Amino acid sequence: MKIYYFFKKRYYWLLNAFSILYNEPNFFKVIERMCPVDISIENIKKEFDKAGYICDSEVIITVYLALKLEKPILIEGEPGVGKTELGKVLSQVFNTELIRLQCYEGLDENKALYEWNYQKQLLKIQLLKGSQYEQTLEEDLFSREYLLERPLLKAIQADKKVVLLIDEVDKTDEEFEAFLFELLSDFQVSVPELGTLTTGDIPIVVLTSNNERELSDGLKRRCIYLYLDYPSVEREVDIIKAKVPGIEDRLTQQIARAVNLIRQNAEIKKKPSIAETLDWARALLTLNQDSLDEKTIKQTMNILLKTKADLDSFYQHIGPVALDEYARSK
Ligand SMILES: Nc1ncnc2c1ncn2[C@@H]1O[C@H](COP(=O)(O)OP(=O)(O)OP(=O)(O)O)[C@@H](O)[C@H]1O
Ligand SMILES: [Mg+2]
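Residues numbered from 1 in each chain as written. Chains lettered and ligands numbered in written order. Predicted model: local features only at pLDDT ≥ 70, side-chain atom pairs only at ≥ 80, totals over all residues.

Trainee: Residue-level account of the overall build of the protein, with values.
Mentor: Scanning the protein from terminus to terminus reveals 18 helices and nine strands. Evaluated residue by residue, the protein yields a buried proportion of 26% over its 330 residues. Sequence separation of 24 or more characterises 76% of the internal contacts of the protein that already satisfy a separation of 6 or more. (Helix = DSSP H or I, 4+ residues; strand = E, 2+ residues; numbered from the N terminus. Buried ≥ 20, exposed ≤ 12 C-beta atoms within 10 Å, placed from the backbone. Contact = placed C-beta atoms within 7 Å.)

Trainee: Outline the packing of helix 14 (residues 249-264) against helix 18 (residues 320-328), supporting the account with residue identities and numerical values.
Mentor: Closest axis-to-axis distance for the helix 14/helix 18 pair is 8 Å, and the angle between their directions is 130°. As far as their axial angle goes, helix 18 and helix 14 are oblique. Crossing geometry of helix 14 relative to helix 18 is assigned as right-handed. Between helix 14 and helix 18, the residues in contact are Q254, R257, A258 and L261 and L323, Y326, A327 and R328, respectively. When grouped by side-chain class, the residues that make up the contact of helix 14 with helix 18 number five nonpolar, one polar and two charged. (Axes fitted to C-alpha atoms, helices over the stretch in contact; angles between N-to-C directions. Parallel < 35°, antiparallel > 145°, perpendicular 65-115°, else oblique. Left-handed = near helix turned anticlockwise from the far one by under 90°. Nonpolar A, V, L, I, M, F, W, Y, C, P; charged D, E, K, R; others polar.)

Trainee: Please give an account of the sheet that holds strand 8 (residues 204-209) that cites residues and values.
Mentor: Taken in spatial order, the five strands line up as 2-5-8-1-9 in an open sheet, and their pairing is parallel. A strand with exactly one partner marks an edge of an open sheet, and here the two such strands are strand 2 (98-102) and strand 9 (224-228). With direction set aside, neighbouring strand axes in the sheet form an average angle of 20°. For strand 1 (residues 73-77) and strand 9, the ladder comprises five bridges, and the chain directions are parallel. If you follow I75 over to strand 9, its bridge partner there is L226. Contacts from helix 5 (residues 57-69) reach strand 1, strand 8 and strand 9, with the element oriented near 160° to strand 9. (Pairing = 2+ DSSP bridges.)

Trainee: If you had to explain unusual backbone geometry to someone new, which residues and values would you point to?
Mentor: Here N211, not a glycine, exhibits a phi torsion of approximately 65°, which is positive. Position of N211 among the secondary structure elements: in the loop between strand 8 and helix 12 (217-222). Here N211 falls in the exposed class, since 12 other C-beta atoms lie within 10 Å of it. A positive phi angle, close to 60°, is found at N288, a residue other than glycine.

Trainee: If you had to explain the site of ligand 1 to someone new, which residues and values would you point to?
Mentor: Close contacts around ligand 1 come from 20 residues, with P79, G82, K83, T84 and E85 the closest. Sorting the residues of the shell around ligand 1 by element identifies helix 6 (83-93), helix 13 (233-243) and helix 15 (274-286) as the ones contributing at least two each. A per-class count over the shell around ligand 1 returns 10 nonpolar, seven polar and three charged. (Near = placed C-beta within 6 Å.)

Trainee: Can you explain the nonpolar core? Please cite residues and give values.
Mentor: V163 and V206 are the most contacted members of the largest nonpolar core, which has 66 residues in total. Discounting chain neighbours no more than four positions away, the residues touching V206 are I73, I75, L86, G87, L90, V163 and L165. (Core = buried A, V, L, I, M, F, W, Y, C linked by C-beta atoms within 7 Å.)

Trainee: Before we move on, can you summarise helix 18 with the specific residues and values?
Mentor: Turning to helix 18, its buried residues number three or more, namely L323, D324 and A327. Seen from one end, helix 18 has its buried residues packed into an arc of 100°, which puts them on one side. Residues of helix 18 that are exposed and point over 90 degrees away from its buried face: V321, A322 and E325. In this structure, the buried residues of helix 18 make contact with helix 14 and helix 16 (294-304). (Arc of directions from axis to C-beta.)

Trainee: Please give an account of the pairing of strand 8 that cites residues and values.
Mentor: Along strand 8, six of the six residues are buried, which leaves the element largely enclosed by surrounding structure. Sheet analysis places strand 5 (residues 163-167) next to strand 8, joined by four bridges and oriented parallel. Paired with V163 across the two strands is I204, which belongs to strand 8.

In C-alpha cells form, the structure reads like this:
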C-alpha cells in the first residue's frame, strides 16, 4: 500500500492515463480495493479523521489491537456515543462491505445464520412430483440453491474480509449469546446437510451493547472490550467541526461547553448524545446563530432534552441564563 501511495504521489499522471486508457474512472479505487489498508496506529487515526470519526488515542489503540489480533471488538456505552458508527467507519476505511445483524429479543439462529427456502423447496417438490427426477429430489432440495444466507453466514462465506456489525447484542437472550460466542471463536458453521462451512478471511467483528443486561463472561473473554464515554469538550468541538461544516468556532465552543454542563447534572436522566449535539449545532446554524443566547436556548432545548421530566429538571436546576453564561465563559 505504501508503495502504491508513493507511486500515486509521484506518477499521478501515469495512473490517470491508465484510467482513461481502460475507461475506468475509478481506477484508483480499484487498486486501493485490491491493496489492504496498512494497519498501523497512525494510519487508523488518519483514516478515522478522514472519515469524520473523531476519537481519543485509547479508542484507536483498542481498534488497532483488535485488528492485529483478529479479535472482535465489544463496544459498550451510553446511547449515541458512536458505537454503531465505529463499525460503519471501519467498513468505510477498509473499503469493504458492512454486514449488519440487528439484534432483538427473540432473535434466533434461523434469522441470524441461515434457513432453508421452504417456499422454493415446496415449489420444486410440486414441479417434480411424479417425474423421473423425484428420486434425486431430497438431495437436491438441501443444496446451496435453497439456502438463505443470513448475516452471520454471509460474513463467514464472504469472498473478502468484511465488517460484521452485531448491533445491540444485549437485546438477545443468553442462549443466542452462547451460540454467538461459539461462532466467534472458530468462525465455522456446521450445516447438517452441507457439512462444515468455514471462512477464508476472518471478518472484522464489531459488537455493540447499551448495557441493558450484563453480557456473559464467555462472550467478553472472546472480545476486546471498549467502553465509549461522552467526549470531552475539546473532542466534541472537533466532532462538531468535522460533522457540521460552516459553523462558527465561537458557537462550536459554546455548544460543546453547554452540552457538557447539561450532561454533568445528575437530575437530567437522559443525557444528550453526540447525535443530539450535532442536531443542535445544525439547528442553530439553520437559525443563523453565531453565538448562543438565552432566548435561543429556550427555543431549542427540546432538541437536546427529549422528556418532559428532563426539560423541567433543566429549568429547575440549570436554566437558560446560567447555561448561556457558562457556555460563554472561558
Ligand atoms: N466519535 C464520533 N465522531 C464523529 N461523529 C460521531 C462520533 N460519535 C458519534 N457520532 C455521531 O453520532 C451519531 C450517533 O452515533 P451512533 O449511532 O454510532 O451511536 P450509538 O452509540 O450506536 O447509539 P445507540 O446506542 O443509540 O445505538 C452518528 O451518526 C455520528 O454522526
Ligand atoms: Mg447504535
